[in-house]
Amino acid sequence: MGEYTWYKKRERVLPVPIRALPTVLAEKWMDIHPETDRSLSLESPVFDKAGNLIVCCNAVDPAIGEKLIRICPDGTIVDFFQIPGMRITGVALHRDGRFFCTDLRGHLVILGPEGEILRIQEITDPDGTKMAPDDLVFDENGDVYFTDLRGWAAEPLGGVYRMRQEDDYRTFEPVLTRLAGPNGISFSPDFRQLWVAQSGAKSLINLELMPNKLPNPHGGIHVIPMSLGVGIPDSN
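Everything numeric here is computed off the predicted structure, so don't read it as measured data.

Visitor: Is there a simple way to think about empty space enclosed by the protein in this case?
Guide: Empty space among the atoms becomes visible once a probe the size of a water molecule is rolled across them. Taken as a whole and judged by the stated rule, the model has 1 cavity of 30 Å³ or more. Around the largest cavity, the lining residues are Thr102, Leu108, Ile123, Pro133, Leu136, Phe146 and Met163. Of the residues that constitute the lining of the largest cavity, the class distribution is 6 nonpolar, 1 polar and no charged.

Visitor: Explain the layout of surface pockets here, please?
Guide: Put simply, the second largest pocket is a space of about 310 Å³. As for the second largest pocket, its lining consists of 20 residues, of which Val91, Ala92, Leu136, Val137 and Phe138 are closest to the centre. Among the elements of the structure, β1 (40-47), β5 (88-93), β9 (133-138) and β13 (182-187) are those that each provide at least two residues to the lining of the second largest pocket. Counted by class, the lining of the second largest pocket contains 9 nonpolar, 7 polar and 4 charged residues.

Visitor: Can you help me understand the environment of aspartate 134 in this one?
Guide: One can find aspartate 134 in strand β9. As a C-alpha pair, aspartate 134 and aspartate 103 span 31 residues in sequence and 6.8 Å in three-dimensional space. Other than its neighbours up to four places away in sequence, aspartate 134 contacts Thr89, Gly90, Thr102, Leu104, Thr147, Leu149 and Asn183.

Visitor: For this particular structure, what's the right way to read the packing of aromatic side chains?
Guide: Enumeration according to the criterion identifies 9 aromatic pairs in this entry. Taking 5.4 Å as the distance between ring centres and 80° as the angle between the ring planes, the aromatic pair formed by phenylalanine 80 and phenylalanine 99 counts as edge-to-face. Linking phenylalanine 80 in strand β4 (residues 77-81) with phenylalanine 99 in strand β6 (residues 99-103), this pair joins segments that are 19 residues apart in sequence. A relative accessible area of 8% means that phenylalanine 80 is categorised as buried. Between phenylalanine 138 and tyrosine 169, the aromatic rings sit 6.5 Å apart at their centres with planes inclined by 75°, giving edge-to-face as the arrangement. Highlighted residues: phenylalanine 138 in strand β9 and tyrosine 169 in the loop between β11 (158-163) and β12 (172-179), separated in sequence by 31 residues. The two residues phenylalanine 138 and tyrosine 169 agree in class, both being buried.

Visitor: Could you clarify how one ought to interpret the pairing of β5 in this entry?
Guide: Of all 6 residues making up β5, 5 are buried, and the element is well covered by its neighbours. Once β5 ends, the chain turns through 5 residues before running back antiparallel as β6, passing glycine 97 with a positive phi of about 100°.

Visitor: Explain the sheet that holds strand β14 (residues 193-198) here, please?
Guide: Sheets are built from strands that pair by backbone hydrogen bonding, the pairs being arranged parallel or antiparallel. The 4 strands are arranged β13-β14-β15-β16 in an open sheet whose pairing can be described as antiparallel. Where the open sheet ends on each side, the last strands, each with one partner, are β13 and β16 (221-225). Adjacent strand axes in the sheet meet at a mean angle of 20° when their direction is disregarded.

Visitor: Sorry if this is basic, but what is going on with the confidence of the model for the protein chain here?
Guide: When pLDDT is low, close inspection of the predicted coordinates is not appropriate. Of all residues in the protein chain, 89% have pLDDT values of 70 or greater, and the mean over the chain is 88. This stretch, residues 1-9, has a pLDDT under 50; its non-local contacts, to residues over four places away or in other chains, come to 16 contacts.

Visitor: Hey, could you run me through the sheet that holds β9 in this one?
Guide: The sheet built from 4 strands is open, its strands ordered β9-β10-β11-β12 with antiparallel pairing. The strands lining the two open edges of the sheet, one partner per strand, are β9 and β12. Within the sheet, the average angular offset between the axes of one strand and its neighbour, ignoring direction, is 20°. Pairing between β11 and β12: 6 bridges, direction antiparallel.

Calculation rules
Residues numbered from 1 in each chain as written. Predicted model: local features only at pLDDT ≥ 70, side-chain atom pairs only at ≥ 80, totals over all residues. Heavy atoms only, no water. 1 Å grid on protein atoms, 1.4 Å probe; cavity = no way out; pocket = protein on both sides within 12 Å on 5 of 7 lines; lining within 4 Å. Points joined across faces, edges and corners; volume = space filled by probe spheres on them. Nonpolar A, V, L, I, M, F, W, Y, C, P; charged D, E, K, R; others polar. Helix = DSSP H or I, 4+ residues; strand = E, 2+ residues; numbered from the N terminus. Contact = heavy atoms within 4.5 Å. Phe/Tyr/Trp six-rings, centres within 6.5 Å; stacked < 30°, edge-to-face > 60°. Buried < 20%, exposed > 50% of the residue type's maximum accessible area, 1.4 Å probe, protein only. Pairing = 2+ DSSP bridges. Axes fitted to C-alpha atoms, helices over the stretch in contact; angles between N-to-C directions. pLDDT = per-residue confidence, 0-100.

Have a look at this one:
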């Protein structure tokens, strides 16, 4: 365990609710596209069944673009998936080896083990407006939950939605709506709680789930402020 050195160096004080939480100091492993001096974002890492690491790599530099990369156990980096105009921001591995990916520009993309396209599905509101799927996670039944990143504190347009395995993930239903830029999403180890980072309101949302995997409306929704002074809560 270590100290939150970023705040210590800048003489910032962590908020009381999280000040006593254990922290781990990350260490650099490798450089990704060190040749670029422009903004590059890496997120949503997931290991496949062969031990390769799949990562979303979104860069301002057009020579790199927006894509998924695969980092092999020996450190080799190869492009895994890319379609011009798509911005993949979330990846989750299905137990059958497929990759489910969220395209921030309004799509769910399902890939095979080698990055081959199995399906591209548009994600829209009932009125046809494209959503902004950002992150996703599977529950123990194989259903997938994703966040819609739209909105901010004064205009909460986002939400959390569920796609069921039983209809081959063809439709989705709301879990919690009217959220301000919901971003990262994850389950507790026992799958009885769902955690959501609400970037547009600088908070974490904890949902106590009923047996039907929907939030308990009677005291089961907890909002935890995360005003860190700078930045926003992002991936969980």
